[in-house]
Amino acid sequence: MSQLISNFPSDGVVTLNRVIIRPEYTVDDLQERVAILCENVKTYHSDTGFVGGFVALNSGAVSNEGSTIGQPVDSPLKDREALIITFWRSFEEHEASHRSETFQPLFREVLELCENGNEEIAYEMLWSGAAYSEAEARAAREAKARYAA
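Below, the structure is looked at part by part. (Residues numbered from 1 in each chain as written. Predicted model: local features only at pLDDT ≥ 70, side-chain atom pairs only at ≥ 80, totals over all residues. Heavy atoms only, no water.)

**Some details on the overall build of the protein chain**
So the rule is basically this: Note on conventions: DSSP H or I runs of at least 4 residues are helices, E runs of at least 2 residues are strands, and numbering of each starts at the N terminus. We take the radius of gyration over the C-alpha atoms and set the globule estimate at 2.2 Å times the residue count to the 0.38 power. We call a residue buried when its accessible area falls under 20% of the maximum for its residue type, exposed when it is over 50%, and partly exposed in between, using a 1.4 Å probe and counting protein chains only. In what follows, residue pairs with any heavy atoms lying within 4.5 Å of each other are defined as contacts. Here the Shrake-Rupley method, with its probe set to 1.4 Å, supplies the accessible areas, and only the displayed protein chains count as covering residues. Counted charges follow a simple rule, with Lys and Arg positive, Asp and Glu negative, and His plus the chain ends left uncounted. Lysine's charge is taken at NZ, arginine's at CZ, aspartate's at CG and glutamate's at CD.
Broken down by element type, the protein chain carries 4 helices and 4 strands. Starting at the N terminus, the α and β elements of the protein chain follow one another as β-α-β-β-α-α-β-α. Relative to its length of 149 residues, the protein chain is extended, with a C-alpha radius of gyration of 19 Å against a globular reference of 15 Å. Across its three principal axes, the protein chain shows a C-alpha extent of roughly 60 × 40 × 20 Å. Sorting the 149 residues of the protein chain into buried and exposed places 30% on the buried side. Nonlocal contacts in the protein chain, meaning residues at least 24 apart in sequence, comprise 81% of its contacts between residues at least 6 apart. As displayed, the protein chain offers around 10000 Å² of accessible surface, 53% of which is attributable to carbon and sulfur atoms. Positive and negative side-chain charges in the protein chain, numbering 13 and 24 respectively, have mean positions lying 6 Å apart.

**What about helix 3 (residues 103–111)?**
Spacing of three or four residues puts side chains on the same side of an α-helix, whose turn is 3.6 residues. Put simply, the rule reads: Here, the arc refers to the directions that run from the helix axis to the C-beta atoms.
Listed in full, the buried residues belonging to helix 3 are F103, L106, F107 and V110. Mapping the buried residues of helix 3 onto a view down its axis gives an arc of 105°, with all of them on the same face.

**Overview of the packing of aromatic side chains**
Geometrically, a pair of aromatic rings is defined through the distance of the ring centres and the angle of the planes. We count it as follows: Classification of ring pairs rests on two measures: the distance between centres of Phe, Tyr or Trp rings, Trp counted by its six-membered ring, which must be within 6.5 Å, and the angle between planes, read as stacked under 30 degrees, edge-to-face over 60 and tilted in between.
Within this structure, the stated rule accounts for 4 aromatic pairs. With a centroid separation of 5.1 Å and 80° between ring planes, the pair formed by F8 and F87 is classed as edge-to-face. Taken together, the residues F8 in the segment before strand 1 (13–20) and F87 in strand 3 (residues 81–88) connect sequence positions 79 residues apart. Accessibility assignment for this pair places F8 and F87 in one class, buried.

**Comments concerning the layout of surface pockets**
Going by this rule: Here a cavity is any set of points on a 1 Å grid over the protein atoms alone where a 1.4 Å probe fits but cannot get out, and a pocket is any open set with protein on both sides within 12 Å along at least 5 of 7 lines; a residue lines the site when it has an atom within 4 Å of a point. Grid points are joined across faces, edges and corners, and a volume is the space filled by probe spheres set on the points. Amino acids are sorted into nonpolar (Ala, Val, Leu, Ile, Met, Phe, Trp, Tyr, Cys and Pro), charged (Asp, Glu, Lys and Arg) and polar (every other residue, Gly among them).
Taken as a whole, the largest pocket spans an internal volume of roughly 280 Å³. In this structure, the largest pocket is lined by 23 residues; those nearest its centre are L37, C38, V41, I84 and T86. Elements supplying a minimum of two residues to the lining of the largest pocket: strand 1, helix 1 (27–45), strand 2 (50–57), strand 3 and helix 3. No other element matches strand 2, which puts 5 residues into the lining of the largest pocket. Of the residues in the lining of the largest pocket, the class split is 15 nonpolar, 6 polar and 2 charged.

**Notes on the nonpolar core**
Here is the rule: Side-chain atoms within 4.5 Å link the members of a nonpolar core, which is a set of buried Ala, Val, Leu, Ile, Met, Phe, Trp, Tyr and Cys residues.
In this structure, V19, L30, V34, L37, V41 and F103 are the most contacted members of the largest nonpolar core, which totals 16 residues. If you list the elements that add at least two residues to this core, you get helix 1, strand 3 and helix 3. Excluding anything up to four places from it in sequence, V41 contacts S46, F50, W88 and F103. One finds F8, V14, I85 and F87 within the second-largest nonpolar core, a separate group that totals 6 residues.

**Examining the pattern of salt bridges**
The condition is simple: The term salt bridge refers to a pairing of a side-chain nitrogen on Lys or Arg with a carboxyl oxygen on Asp or Glu at a separation within 4 Å.
Counting across every chain of the model gives 4 salt bridges. Here R18 ties to E81 by a salt bridge, and the two come within 2.5 Å at their closest N and O atoms. Of the two residues, R18 sits in strand 1 while E81 sits in strand 3, which places them 63 residues apart along the sequence. Under the relative-accessibility criterion, E81 is labelled buried at 15%. E112 is the partner of R33 in a salt bridge, and the nearest nitrogen-oxygen pair spans 3.0 Å. Separated by 79 residues along the polypeptide, R33 in helix 1 and E112 in the loop between helix 3 and strand 4 (120–124) bring together distant segments of the chain. Look at R33 and you get partly exposed, because its relative accessible area is 21%. Note on E112: relative accessible area 42%, which makes it partly exposed.

What follows is the structure in structure tokens.
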């Protein structure tokens with residue numbers, strides 16, 4: 001299994017927060033508060049379970065090729081919805097990080113921005129992988145053509 005986040009264990013935990021930004025706040029507000037919170041997690045929890053993470057903003061684009069909910073043109077949550085995704089060695093270590101005194105005040109500041117409150121879901125990793133190189137992709141297609149049937 002290829003790892004998209006360096007040193008993420010195959011039995012690690014992925015957590016996902018979905019944030020919908022309140023109308024009175026901006027993406028810049030979210031970026032600033034989440035950056036401070038993430039720096040805290042990296043500083044105080046890199047040696048106690050935190051492996052990595054990322055934040056993604058809803059771009060507004062909706063894939064008509066990959067969606068089965070009709071043919072929407074764009075998402076009404078463009079620039080208002082973000083996903084905060086973190087990678088941990090274990091759920092227990094994640095939970096301990098959230099109980100830390102340095103984390104809680106910064107977390108509350110992020111929650112002030114959230115129209116939807118917060119529900120953080122933990123997922124067990126089932127699969128991850130990076131794209132093939134050009135040569136690997138060519139070899140994979142040739143092997144499929146040769147052995148298909």
